[in-house]
Amino acid sequence: NAGVTQTPKFRILKIGQSMTLQCTQDMNHNYMYWYRQDPGMGLKLIYYSVGAGITDKGEVPNGYNVSRSTTEDFPLRLELAAPSQTSVYFCASSTTQIGEAFFGQGTRLTVV
Amino acid sequence: AQSVTQPDIHITVSEGASLELRCNYSYGATPYLFWYVQSPGQGLQLLLKYFSGDTLVQGIKGFEAEFKRSQSSFNLRKPSVHWSDAAEYFCAVGSSNDYKLSFGAGTTVTVRA
């Protein structure tokens, strides 16, 4: 029962570097989401997807990009890392837009 | 735009005592409401949800929540907390015409022996 799997769990980046946060779900969910969690701020939606080939911006998309070539995978790309992107990133999926969202265990990213 | 307020940043409760976490939402139509729990170093897990019908909903781990439209609230309760309930709790609101869940800032619960 893998559910939503995120890799890596931890990463330290230098300013200006790029990286991709991986997210895979094995529940055949159409809806997938990327959130960032900052202390005292709750979760903010970065990008979401309603199916393969369809993505859209959330509340805080600047500095990030996504793609959705398959139902299972929804990677998040940081092109030029900045200290403001230091955060914990969560990927989630759901069967419908108002259904229960299943979350991965998160990726803790530090940009120095 | 929908929004969620959790007025309590941190609550400390004794093991065996009751717990109530407050959540107020702002949304023009009938909201879909959720409570999630996050244990340290883990992702979020759904405790319960309200879409329609009975305003008192039961969830996992002995939690319940009551939807009060007149107060725009969806407070979470547990009659007797266990040490394992120490975690961060998030209230969230969504709608049928929006793909996004809006989360509150969270309430951290500490359980003392």
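You'll find the structure just up there.
Residues numbered from 1 in each chain as written. Chains lettered and ligands numbered in written order. Predicted model: local features only at pLDDT ≥ 70, side-chain atom pairs only at ≥ 80, totals over all residues. Heavy atoms only, no water.

Peer 1: Explanation requested: the overall build of chain A in the structure shown.
Peer 2: Assigned secondary structure in chain A consists of zero helices and 11 strands. Taken from the N to the C terminus, the helices and strands of chain A come in the order β-β-β-β-β-β-β-β-β-β-β. On C-alpha atoms alone, chain A measures out to a radius of gyration of 13 Å, which is about the 13 Å that the 2.2 N^0.38 rule sets for 112 residues. Along the three orthogonal principal directions, the C-alpha set of chain A runs to about 35 × 25 × 25 Å. Residues counted as buried form 47% of the 112 residues belonging to chain A. In chain A, the proportion of contacts linking residues at least 24 apart, taken out of those at least 6 apart, comes to 54%. Accessible surface computed for chain A: about 5,300 Å², of which carbon and sulfur atoms make up 51%. With 9 positive and 8 negative side-chain charges, chain A shows a spacing of 11 Å between the two charge centroids. (Helix = DSSP H or I, 4+ residues; strand = E, 2+ residues; numbered from the N terminus. Rg over C-alpha atoms; globule rule 2.2 N^0.38 Å. Buried < 20%, exposed > 50% of the residue type's maximum accessible area, 1.4 Å probe, protein only. Contact = heavy atoms within 4.5 Å. Areas by Shrake-Rupley, 256 points an atom, 1.4 Å probe, with all protein chains shown as cover. Lys, Arg positive; Asp, Glu negative; His and termini not counted. Charge placed at Lys NZ, Arg CZ, Asp CG, Glu CD.)

Peer 1: Quick question: what am I supposed to make of unusual backbone geometry here?
Peer 2: If a residue is not glycine, its phi is most likely negative; likewise, a peptide bond is most likely trans. In this structure, the amide linkage connecting A:Thr7 to the following residue, A:Pro8, adopts the cis form with an omega of -5°. Of note in this structure, A:Asn28 is not a glycine but carries a positive phi near 60°. Note that A:Asn28 resides in the loop between strand S3 (19-25) and strand S4 (31-38). A positive phi angle is found at B:Lys61, which is not glycine, with a value near 60°. Considering the arrangement of structural elements, one finds B:Lys61 in the loop between strand S7 (56-58) and strand S8 (64-68). Of the residues examined, B:Lys61 reaches a relative accessible area of 43% and is grouped as partly exposed.

Peer 1: Would you mind showing me how to read the sheet that holds strand S1 (residues 4-7) of chain A here?
Peer 2: Strands belonging to one sheet form pairs held by backbone hydrogen bonds; the direction of such a pair is parallel or antiparallel. Residues and elements named next belong to chain A. The strand order S1-S3-S8-S7 describes an open sheet built from four strands, whose pairing is antiparallel. Since the sheet does not close on itself, it has two edges, and those belong to S1 and strand S7 (64-66), each with one partner. Averaged over all pairs of adjacent strands, the angle between strand axes in this sheet comes to 20°, irrespective of strand direction. In this structure, S1 lies alongside S3, joined through four bridges in antiparallel fashion. The partner of Thr 7 across the bridge, within S3, is Gln 22. (Pairing = 2+ DSSP bridges. Axes fitted to C-alpha atoms, helices over the stretch in contact; angles between N-to-C directions.)

Peer 1: Would you mind showing me how to read the pattern of salt bridges here?
Peer 2: A side chain with one charge may pair with a side chain of the opposite charge, provided their charged atoms come close. For the coordinates displayed, the defined rule picks out six salt bridges over all chains. The partner of A:Glu79 in a salt bridge is A:Arg77, with the nearest N and O atoms 3.3 Å apart. Several salt bridges converge on common partners, so that one network encompasses B:Glu64, B:Glu66 and B:Arg77. (Salt bridge = Lys/Arg side-chain N within 4 Å of Asp/Glu carboxyl O.)

Peer 1: How should I be thinking about the state of the cysteines in this particular structure?
Peer 2: Cysteine pairs can be covalently joined through their sulfur atoms, and such a bond is termed a disulfide. Residue and element names in this part refer to chain B. Tallied over the entire structure, the rule returns two disulfides over all chains. Two residues share a disulfide in this structure: Cys 23 and Cys 91, whose sulfurs sit 2.0 Å from each other. Taking the sign of the S-S torsion, about -65° here, the bridge from Cys 23 to Cys 91 comes out left-handed. Remark: Cys 91 occurs in strand S10 (residues 87-94) and Cys 23 occurs in the loop between strand S3 (19-21) and strand S4 (24-26); sequence separation between them is 68 residues. Both residues of the pair, Cys 23 and Cys 91, count as buried. (Disulfide = S-S within 2.5 Å.)

Peer 1: I'm lost on the nonpolar core in this one. Help?
Peer 2: Most often, soluble globular proteins have nonpolar side chains that are buried together. B:Trp35, B:Leu48, B:Phe74, B:Leu76 and B:Tyr89 are the most contacted members of the largest nonpolar core, which totals 26 residues. Secondary structure elements with two or more residues in this core: strand S2 (10-14), S3, strand S5 (32-38), strand S6 (44-50), S8, strand S9 (73-78), S10 and strand S12 (107-112) of chain B. Looking at this core element by element, the count peaks at four residues for S10(B). Setting aside residues no more than four positions away along its own chain, B:Tyr89 makes contact with B:Gln6, B:Leu21, B:Trp35, B:Tyr36, B:Val37, B:Leu47, B:Phe63, B:Leu76, B:Gly106, B:Thr107 and B:Val109. Ranked by size, the runner-up nonpolar core spans 20 residues in total, among them A:Phe90, A:Ala92, A:Phe103 and B:Phe103. (Core = buried A, V, L, I, M, F, W, Y, C linked by side-chain atoms within 4.5 Å.)

Peer 1: Help me out: how do you make sense of the layout of surface pockets in this one?
Peer 2: To find the voids left in a structure, one rolls a probe of water-molecule size over its atoms. By volume, the largest pocket is sized at about 450 Å³. Elements that contribute at least two residues to the lining of the largest pocket include exactly S4, strand S9 (87-94) and strand S11 (107-111) of chain A together with S10 of chain B. Top element by residues in the lining of the largest pocket is S11(A). It accounts for four residues. Residues belonging to the lining of the largest pocket are distributed by class as follows: eight nonpolar, 13 polar and four charged. (1 Å grid on protein atoms, 1.4 Å probe; cavity = no way out; pocket = protein on both sides within 12 Å on 5 of 7 lines; lining within 4 Å. Points joined across faces, edges and corners; volume = space filled by probe spheres on them. Nonpolar A, V, L, I, M, F, W, Y, C, P; charged D, E, K, R; others polar.)

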